Amino acid sequence: MADKIPVDLHGAAQTMLTTLYLKALDADFDSPVLGDRFAKAAVERIDFDWDGLKAPGRWAPLVTVRTAQYDIWARQFLAANPEATVIHLGCGLDARVFRIDPGPGVIWYDVDQPPVIALREQIYPDRPGYHLIATSATDPSWLDDIPTDRPLLFLAEGISMYLTESDGVALLQSIVDRFPSGELQIDFYNWFGIKTQKTHRLQRQSGASLHWAVNSPADILDKVTGIRLLAAANLFDAETFARVPAGFRRSSRLARAVRPLRGMLQYHRYAFGPVS
């Protein structure tokens, strides 16, 4: 057996370990939401005290519903644009490029902080058309090396809340201004999620702070020019929520009934460029 890979991550980057672990737990469910065998294999390769996360399997839908929903939207975009560029910002240890397995016409960039990319290089194999970029999300210079001659899927899952509003809006606007057409697929916390962050155990464990609250698509449409809404959902009305175990649906009834809780996890999909 190959030696296990040690990790030393802090702050926002550390939260990706919890995300990865919950996906791995989901993969062992009789009826998984995501069924990510790559996550399970990655957890087995990493030398880390996974039990110390205290992240039970019943929490998995908080991650897997979102990831499965964005997998659906990404596949829809690539089906309509087989010659496309994908930027997966804040990729963490997510294996989306391997789950989706895009065709030969797709150029895919996984982007994250240098320690995260270094870890990815040890865990996941290379593949044709696949590139890794080690950078901060708020440093726009990394965009200079990405060609602008094809439709773009910009996918940012689990990263917006760590940005300030000004940095986040500037990032989205720079994508829309630079590329001729494409989609922004990005998730957010609402005001309640940001305001109550100190009550989230996993957030406290990482020591990272959350900043940017988005309550509805109007908050984005009012600040980023040149985009139009394609879809918006929250945890409970995402199409992939139908896959969660019955126990999770029962235990979440109260959250579904309280508007700030129901809308805490926001999944948005926008288009930009000419209307086809």
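Residues numbered from 1 in each chain as written. Predicted model: local features only at pLDDT ≥ 70, side-chain atom pairs only at ≥ 80, totals over all residues. Heavy atoms only, no water.

Looking at an unreviewed UniProt entry, one finds the protein named Class I SAM-dependent methyltransferase and attributed to [Mycobacterium] zoologicum.

A word on the overall build of the protein. Helices and strands together make up the secondary structure of the protein, namely twelve helices and nine strands. Taking 19 Å as the expected radius of gyration for a compact globule of 276 residues, we find that the protein reaches 18 Å, a close match to that expectation. Of the contacts made within the protein by residues no fewer than 6 positions apart, 75% connect residues no fewer than 24 positions apart. On the protein, roughly 12,500 Å² of surface is accessible, and the fraction owed to carbon and sulfur atoms is 52%. Taken as two groups, the 29 positive and 32 negative side-chain charges of the protein have centres that lie 9 Å from each other. (Helix = DSSP H or I, 4+ residues; strand = E, 2+ residues; numbered from the N terminus. Rg over C-alpha atoms; globule rule 2.2 N^0.38 Å. Contact = heavy atoms within 4.5 Å. Areas by Shrake-Rupley, 256 points an atom, 1.4 Å probe, with all protein chains shown as cover. Lys, Arg positive; Asp, Glu negative; His and termini not counted. Charge placed at Lys NZ, Arg CZ, Asp CG, Glu CD.)

Now for empty space enclosed by the protein. Overall, the coordinates contain two cavities of 30 Å³ or more when judged by the stated rule. Considering the residues around the second largest cavity, the lining is formed by Leu89, Ala156, Ile159, Ser160, Leu163, Gly168, Leu171, Leu172, Ile186 and Trp212. With three residues, helix α6 (residues 165-178) is the largest single contributor of residues to the lining of the second largest cavity. Of the residues belonging to the lining of the second largest cavity, the class tally is eight nonpolar, two polar and no charged. (1 Å grid on protein atoms, 1.4 Å probe; cavity = no way out; pocket = protein on both sides within 12 Å on 5 of 7 lines; lining within 4 Å. Points joined across faces, edges and corners; volume = space filled by probe spheres on them. Nonpolar A, V, L, I, M, F, W, Y, C, P; charged D, E, K, R; others polar.)

For the rest of this paragraph, the subject is α6. Along its 14 residues, α6 runs 20 Å from first to last C-alpha, staying within 8% of the 20 Å computed at 1.5 Å per residue. Regarding α6, the residues found buried are Gly168, Val169, Leu171, Leu172, Gln173, Ile175 and Val176. In the core, the buried residues of α6 are packed alongside β3 (85-89), β6 (152-156), β7 (182-189), α9 (217-221), β8 (227-234) and β9 (265-272). (Expected span 1.5 Å × (residues − 1). Buried < 20%, exposed > 50% of the residue type's maximum accessible area, 1.4 Å probe, protein only.)

Leu20, Leu93 and Tyr267 are the most contacted members of the largest nonpolar core, which has 60 residues in total. Mapped by element, the contributors of at least two residues to this core are α1 (12-27), α2 (37-45), α3 (61-80), α4 (96-100), α5 (114-123), β6 and β9. Broken down by element, the residue count for this core peaks at nine residues, all from α3. Leave out the neighbours within four places in its chain, and leucine 93 touches Met16, Leu17, Leu20, Ile46, Leu119, Arg120, Ile123 and Tyr124. Counting 30 residues, the second-largest nonpolar core is a separate cluster that includes Ile146, Phe179, Val214 and Phe272. (Core = buried A, V, L, I, M, F, W, Y, C linked by side-chain atoms within 4.5 Å.)

For arginine 66, the position within the fold is in helix α3. Residue class for arginine 66 comes out buried when judged on its relative accessible area of 12%. Considered as a pair, arginine 66 and leucine 34 are 32 residues apart in the sequence and their alpha carbons are 9.4 Å apart. With sequence-adjacent residues up to four places away left out, arginine 66 is seen in contact with Glu157, Gly158, Asp187 and Tyr267. Within polar-contact distance, the side chain of arginine 66 engages the side chain of aspartate 187 at 3.0 Å. (Polar contact = N/O pair within 3.5 Å; in protein donor to acceptor, adjacent residues only side chain to side chain.)

Turning next to the side chain of asparagine 190. The residue asparagine 190 is located in the loop between β7 and α7 (191-195) in this model. Judged by its relative accessible area of 4%, asparagine 190 is buried. The contacts of asparagine 190, once residues within four sequence positions are left out, are Ala213, Val214, Asn215, Pro260, Gly263 and Met264.

Time to look at the sheet that holds strand β5 (residues 130-134). One open sheet holds the seven strands; their spatial order is β5-β4-β3-β6-β7-β9-β8, and the pairing between them is mixed. In the strand order of this sheet, the two ends are held by β5 and β8, each with one partner. Pairwise comparison of adjacent strand axes, ignoring direction, gives a mean angle of 15 degrees for this sheet. Pairing of β7 with β9 involves eight bridges; the strand directions are antiparallel. Among the inter-strand pairings, glycine 182 is bridged to a residue of β9, identified as phenylalanine 272. (Pairing = 2+ DSSP bridges. Axes fitted to C-alpha atoms, helices over the stretch in contact; angles between N-to-C directions.)

Time to look at the packing of aromatic side chains. Under the counting rule described, the total for this entry stands at eleven aromatic pairs. Cluster of aromatic residues (ring-pair linked, three or more members): Phe38, Phe98, Tyr124 and Tyr130. (Phe/Tyr/Trp six-rings, centres within 6.5 Å; stacked < 30°, edge-to-face > 60°.)

This model, assessed by the stated rule, comprises 16 salt bridges. Of the charged contacts, one joins lysine 40 and aspartate 28 as a salt bridge, the two residues approaching to 2.7 Å between their closest N and O atoms. Of this pair, lysine 40 sits in helix α2 while aspartate 28 is found in the loop between α1 and α2, placing the two residues twelve residues apart along the sequence. Overall, the relative accessible area of 49% leaves aspartate 28 in the partly exposed class. Lysine 223 serves as the salt-bridge partner of glutamate 165, at 3.8 Å between the closest nitrogen and oxygen. Linking glutamate 165 in helix α6 with lysine 223 in the loop between α9 and β8, this pair joins segments that are 58 residues apart in sequence. (Salt bridge = Lys/Arg side-chain N within 4 Å of Asp/Glu carboxyl O.)

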